[in-house]
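Observations on the model geometry
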Amino acid sequence: SGELCCSLLNPRNVRFESINMKNVLHWSAPEGTSNGVLYKVKYSVYGVGKWIRKPECRNINRTWCDLSNETSDYEEQYYASVKAFLNGMFSEWVETTRFNPLTDTKIDPPMVSVSSTEKSISIILTAPEKWKRTPEEESVSLLQVYPGLQYNVSVLNKKTKKRWFFSISNHTLVVPWLQPGTAYCVSAQIHVTTPLLDSGFSKEHCIATLKDK
Amino acid sequence: GACRVSMSMTEIRAGFTAIKANIQARDPIRTLSILSHPHSLHKVKSSDRCCITHHLFNFYVDKVFKHCKTEDSYVNRKISSIANSFLSVRRKLGHCHEQNQCICGQESTEKLKQILANYEGLNVTSAAMKSLGELDILLDWMEKSH
């Protein structure tokens, strides 16, 4: 019986992938295996004794398991672990490193909306929301999670290719003294200084200033 | 009056982030936490924050950093740079304490006793390495509550 134990190679690269605190456990199949391998998952809160099984991820053949619900308290830290099965053989439990939802999540770019007058552009930025269990649940903006959250805004004059960068804490920005009848493209990024977290830049939102009357 | 101490959280954070995986990998005990169990730092009353911060900086300077030597010179350099930042903040917090701006209530005294009990429940090196691996718990709490 001892020989049967752990004669299946271990799942590999077991880690959390987190975006806006949607925390999903991912792994790769044991080397040399692809079809037919099943997995089960457990997780634990750091500092608390017991492992907790995740029933929805028991005997699954996919290589991910959404643990957002179980790891939603970002004042705690977590471990998760995966075990593989195939034809009566099974692997060892393979653990993640310690996962801190607050520092180990990635943040999406902000939503950008722009409007213009003859000589100015108004930009409104919205930080993404923290993952939530159901659409009905109250939304929590990442601004509430990271009080030091700032926005880096890039404004490009499409004609002259001149670009300005602004770093703001406020979620609105008015860019004055622009040329009438000119196209400008705006893109924005979220920057949290501590813990250090930067989103990517949003896609560009282009708008033209009104023509001179 | 309020105890206002300036410190470079960004620098300390960057230093810790650089060695977090290395340090936490040296702590195999998942089931015990020095700082956050059984009672989370986040449950501390605002009136007790200054006292706990002051004593935790003393804790890290006096009981943690000096027992965290590794075979990796890069990690050691990062640890000593974090330790130096803690030393300067501790000095400033000490002034507040002397001017009675950092009063310790019963709750904070209990919390600190619990942290020391957790620490003394392990051998010194394991306790120090675990405490260092929990630096982000302290930093997260400080940023959120201060």
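Read on for a plain summary of the structure. Quantities reported herein were computed from a predicted structural model and do not represent experimental measurements.

Thoughts on the packing of aromatic side chains
Inspection of the entire model under this criterion finds 11 aromatic pairs over all chains. Taking the centre distance of 6.2 Å and the plane angle of 55° together, the rings of A:Tyr46 and A:Tyr79 count as tilted. Separated by 33 residues along the polypeptide, A:Tyr46 in the loop between strand 3 (38–45) and strand 4 (52–60) and A:Tyr79 in strand 6 (residues 78–86) bring together distant segments of the chain. On the basis of an interplanar angle of 50° and a centroid distance of 6.2 Å, the ring pair of A:Phe85 and A:Phe90 is categorised as tilted. Since its relative accessible area comes to 22%, A:Phe85 is described here as partly exposed. Accessibility expressed as a relative area gives 26% for A:Phe90, which makes it partly exposed. Aromatic ring contacts, followed pair by pair, group B:Phe57, B:Phe59, B:Tyr60, B:Phe65, B:Phe86 and B:Tyr119 into a single cluster. The cationic tip of A:Arg98 hangs over the ring face of A:Tyr46; the distance from NZ or CZ to the ring centre is 3.8 Å.

A word on the nonpolar core
Membership of the largest hydrophobic core comes to 42 residues, with the highest contact counts inside it found for B:Leu35, B:Leu56, B:Tyr60, B:Phe86, B:Leu135 and B:Leu138. Put simply, the parts of the chain that give this core at least two residues each are helix 1 (9–25), helix 2 (49–64), helix 3 (73–98), helix 4 (106–120), helix 5 (124–133) and helix 6 (135–145) of chain B. Among the elements that line this core, the one with the most residues is helix 2 of chain B, at eight residues. Apart from residues no more than four positions distant in its own chain, B:Leu35 is found in contact with B:Leu41, B:Leu56, B:Tyr60, B:Lys111, B:Ile115, B:Glu134, B:Ile137 and B:Leu138. A:Ile107, A:Leu142, A:Val145 and A:Tyr184 belong to the second-largest nonpolar core, a separate cluster that totals 27 residues.

Things to note about the interface of chain A and chain B
Facing the 20 residues of chain A at the interface are 23 residues of chain B. Buried surface at the junction of chain A and chain B, summed over both partners, amounts to about 1800 Å²; 43% is from carbon and sulfur atoms. Counting the surface chain A buries against chain B, the share from its top three residues, A:Tyr46, A:Glu75 and A:Arg98, is 35%. Summed over the shared surface of chain A and chain B, the number is five salt bridges. A:Glu75 is the partner of B:Lys43 in a salt bridge, and the nearest nitrogen-oxygen pair spans 3.8 Å. Joining chain A to chain B, the criterion identifies 19 residue pairs in polar contact (both at pLDDT 80 or more). At the level of secondary structure, the elements contributing two or more residues to the side of chain A that touches chain B comprise strand 3 and helix 1 (101–104) of chain A. In terms of residues, the side of chain A that touches chain B owes the most to one element, helix 1 of chain A, which gives three residues. A per-class count over the side of chain A that touches chain B returns seven nonpolar, eight polar and five charged.

Let's talk about the packing of helix 2 of chain B against helix 4 of chain B
Residue and element names in this part refer to chain B. Contact geometry of helix 2 with helix 4 gives a least axis separation of 10 Å together with a crossing angle of 20°. The orientation of helix 2 with respect to helix 4, classified from their angle, is roughly parallel. You can see that helix 2 and helix 4 cross each other, and the crossing is right-handed. Counting all contacts with helix 2, which are made through Cys51, Ile52, His55, Leu56, Phe59, Lys63 and Val64, the residues of helix 4 involved are Ser108, Lys111, Leu112, Ile115, Leu116, Tyr119 and Glu120. Of the residues that constitute the contact of helix 2 with helix 4, the class distribution is nine nonpolar, two polar and three charged.

What counts and how
Residues numbered from 1 in each chain as written. Chains lettered and ligands numbered in written order. Predicted model: local features only at pLDDT ≥ 70, side-chain atom pairs only at ≥ 80, totals over all residues. Heavy atoms only, no water. Phe/Tyr/Trp six-rings, centres within 6.5 Å; stacked < 30°, edge-to-face > 60°. Helix = DSSP H or I, 4+ residues; strand = E, 2+ residues; numbered from the N terminus. Buried < 20%, exposed > 50% of the residue type's maximum accessible area, 1.4 Å probe, protein only. Lys NZ or Arg CZ within 6 Å of the ring centre and 35° of its normal. Core = buried A, V, L, I, M, F, W, Y, C linked by side-chain atoms within 4.5 Å. Contact = heavy atoms within 4.5 Å. Buried area = accessible area lost by both parts, 1.4 Å probe. Salt bridge = Lys/Arg side-chain N within 4 Å of Asp/Glu carboxyl O. Polar contact = N/O pair within 3.5 Å; in protein donor to acceptor, adjacent residues only side chain to side chain. Nonpolar A, V, L, I, M, F, W, Y, C, P; charged D, E, K, R; others polar. Axes fitted to C-alpha atoms, helices over the stretch in contact; angles between N-to-C directions. Parallel < 35°, antiparallel > 145°, perpendicular 65-115°, else oblique. Left-handed = near helix turned anticlockwise from the far one by under 90°.

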